[in-house]
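Observations on the model geometry
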Amino acid sequence: MKFKRKRHIKKLHELGLEKKKNTVPESSSDQLENASSLSSDLSENLKNITEKMGNSEDLVIREWTSEADETTLRVAAVYLSGLVDESLVNDFVSKSLPSGTSPGGGKSPFLEHRGPSSEKLRVLDKWETLITEILSGNTIMLADGSNEAVSGNTTGGKTRNISSPNTQLVIRGPQEAFNETISTNIALIRRRIKSPNLRIEAMRIGKVTQTEISLMYIEGIVNTKVLKEVKRRLHDIEIDGILESGYIEQLIQDQTFTPFPTIYNTERPDVVVGNLLEGRVAILVDGTPFVLVVPAVFVQFFQSPTDYYQHFLIASFLRLLRLLAFLFTMLIPAMYIALTTFHQEMIPTTLVISLAAQHEGVPFPAFVEAMLMAITFEILREAGIRMPRAVGQAVSIVGALVLGEAAVQAGIISAAMVIVVSLTGIASFAVPAYNITVTSRLIRFAMMILAATFGFYGVVLGLIITIGHMCSLRSFGIPYLTPFAPMNLSDLKDTWIRAPLWMLKDRQSLINHKNLTRQGRNQKPSPRRGTGNH
């Protein structure tokens, strides 16, 4: 005993956790936590499970007595009622009940009874893994005389059905969206990539929530350096709980103090599949329909899945239109302030007279007008989102019209400023990715302050600072402005414009360093002469 006590104190010294001499004896719950292996006594195991689960009301323990061959064997099934499918539980229990033969050597009798199908079961002998299996929606089978338990996958319960996307709507293309169940989301991707090279690596993050995370990539296409870095950052996360993929996004992004998103998120399976085929990595989080995709580049946030489902000329026009809308959101109010405050000579004379007449009774300068209207529009936007759907959109639109008209009639705001702010607000809805839209709205306020202080010089200075900041950003080692900075001419075919599909022969070289070829070299349509009706 003395030797064991010294060795125990030495171990505590090494951990920096040596207890004081006068310590309180461990309680029964502490001893229960320290016990790592299951007991061979069924009653003791069931008691320990009940104590560990805190006598939870949704914990179900079903016991049976199996009699055969003049032997009696007590068995039990344990699960949480809200996390399982009752039909799966009944099927699993009925197939797992042993024939009555007592287990030998502490081995579980369930495996012997199931025979060839026993490889579908998971054998447990540690408390930590057993409790995790119960909390994951699986059913545990225990037998008296065995220090091993068997876990079966009976995950079920009520989940949301697959529905249409809410944030990334398309006119042409698939109308499926992810839901909050990670197994369903994985299946939606599996249906589209029928390749054995699709890899899925599961892990759990969150000391309390134990949230299931799945890493998906295509072996042979993925950028191995990016994949290694993603795994390292995920394994370094130490937090009590993960409630949404936004937690993961904030904990693994390259730079925190930037308004620009460096990780892409989507609720569309076809978008995830397209990015996997580019060599990117997808991160699925249980409990949320939004999947993270890394690495992300700036131009990626202006691309819509429908761009690849229609003619390349239409897709290119729409992409340029989205870029123009982004610039409108960021610069139009600042340019109006600079023109009316410092550079009136740049405005046509007729328009200057009209603007001066409108502003004659307004007591505020253009900067204050713009700030009041912009803040009011943002409040209306947030109110429309938070209010019930039946009235939210109507309140936001009607509120903007009524407040704008009333402000003009009262002489607080000029009519031209209402037009400028309304155009800015409408343009912000043209960009497919919501997070990059928020970025343009934030930069807009900084640009307005610079325009009111320095005029067009301040606007240009703000643009230079913004572009310089974007050049410094990285997404898992990939430059944020790829393929413009650094310039790569071969990758420009799928940026602000989209070349014909047959010209997109290779994947982006900075995203993927190997297996660049995505299609054959002779894919250009070349119908033979003389075909068709005459």
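Above this text sits the structure in question.
Here is a short report on the structure shown in this document. The structure displayed is predicted, hence computed values, not measured ones.

1. Some details on the nonpolar core
Among the nonpolar cores identified, the biggest contains 64 residues, and Ile189, Phe298 and Ile436 are the most heavily contacted of them. Looking at this core element by element, the count peaks at eight residues for helix α11 (residues 312–341). In contact with isoleucine 189, other than residues within four places in its own chain, are Phe178, Leu198, Met216, Val272, Val273, Leu276 and Leu284. Counting residues in each nonpolar core, the second largest holds 21 residues, with Tyr217, Val222, Leu234 and Val294 among its members.

2. Some points on the sheet that holds strand β6 (residues 198–205)
Read from one edge to the other, the open sheet built from five strands follows the order β6-β7-β9-β10-β8, with strand pairing classed as antiparallel. Lying at the two open borders of the sheet, with one neighbouring strand each, are β6 and β8 (264–266). Strand-to-strand, the axes of this sheet are offset by a mean angle of 25°, without reference to chain direction. Bridge count for strand β9 (residues 281–285) against strand β10 (residues 291–294) is three bridges, and the pairing is antiparallel. Considered in β10, the bridge of valine 281 is made with valine 294. Of the strands in this sheet, β6, β7 (211–218), β9 and β10 are in contact with helix α8 (residues 224–235), which crosses β7 at around 175°.

3. Digging into the pairing of β6
It is a general feature of regular strands that their side chains alternate between the two faces of the sheet. When β6 meets β7, the two strands line up antiparallel, connected through eight bridges. Each residue of the ladder has a partner; that of alanine 202, found in β7, is serine 214. Hairpin connection, β6 to β7: the antiparallel pair is bridged by five residues, and glycine 206 has positive phi, about 110°.

4. Looking at the pattern of salt bridges
This model, assessed by the stated rule, comprises 19 salt bridges. With a shortest N-O distance of 2.9 Å, lysine 231 and glutamate 201 are connected by a salt bridge. Highlighted residues: lysine 231 in helix α8 and glutamate 201 in strand β6, separated in sequence by 30 residues. A relative accessible area of 24% means that glutamate 201 is categorised as partly exposed. Where glutamate 229 meets arginine 232, a salt bridge forms, and the shortest distance between an N and an O atom there is 2.6 Å. Of this pair, glutamate 229 and arginine 232 both sit in helix α8, three residues apart, which is roughly one turn of the helix. One salt-bridge network, in which partners are shared between bridges, spans Glu229, Arg232, Arg233, Asp236 and Asp254.

5. Regarding the environment of arginine 233
Locating arginine 233 in the fold gives a position in helix α8. Spatially, the C-alpha atoms of arginine 233 and isoleucine 252 are 5.8 Å apart, while their sequence positions differ by 19 residues. In this view, arginine 233 contacts Ile252, Gln253, Asp254 and Phe476; residues no more than four positions away in its chain are not counted. At a separation of 2.6 Å, a polar atom in the side chain of arginine 233 contacts the main-chain carbonyl oxygen of isoleucine 252.

6. A few points about the packing of aromatic side chains
Following the criterion strictly, the structure yields 11 aromatic pairs and no others. On the basis of an interplanar angle of 75° and a centroid distance of 6.3 Å, the ring pair of phenylalanine 454 and tyrosine 457 is categorised as edge-to-face. On the basis of relative accessible area, phenylalanine 454 is assigned to the partly exposed category, the value being 44%. Owing to a relative accessible area of 59%, tyrosine 457 belongs among the exposed residues under this scheme.

7. Looking at the side chain of arginine 444
Tracing the chain through its elements places arginine 444 in helix α16 (residues 434–454). The buried category is assigned to arginine 444, whose relative accessible area is 2%. Within polar-contact distance, the side chain of arginine 444 engages the side chain of glutamate 378 at 2.7 Å. Setting aside residues no more than four positions away along its own chain, arginine 444 makes contact with Thr329, Met330, Pro333, Ala374, Glu378 and Thr424.

Rules and cut-offs
- Residues numbered from 1 in each chain as written.
- Predicted model: local features only at pLDDT ≥ 70, side-chain atom pairs only at ≥ 80, totals over all residues.
- Heavy atoms only, no water.
- Core = buried A, V, L, I, M, F, W, Y, C linked by side-chain atoms within 4.5 Å.
- Buried < 20%, exposed > 50% of the residue type's maximum accessible area, 1.4 Å probe, protein only.
- Helix = DSSP H or I, 4+ residues; strand = E, 2+ residues; numbered from the N terminus.
- Contact = heavy atoms within 4.5 Å.
- Pairing = 2+ DSSP bridges.
- Axes fitted to C-alpha atoms, helices over the stretch in contact; angles between N-to-C directions.
- Salt bridge = Lys/Arg side-chain N within 4 Å of Asp/Glu carboxyl O.
- Polar contact = N/O pair within 3.5 Å; in protein donor to acceptor, adjacent residues only side chain to side chain.
- Phe/Tyr/Trp six-rings, centres within 6.5 Å; stacked < 30°, edge-to-face > 60°.

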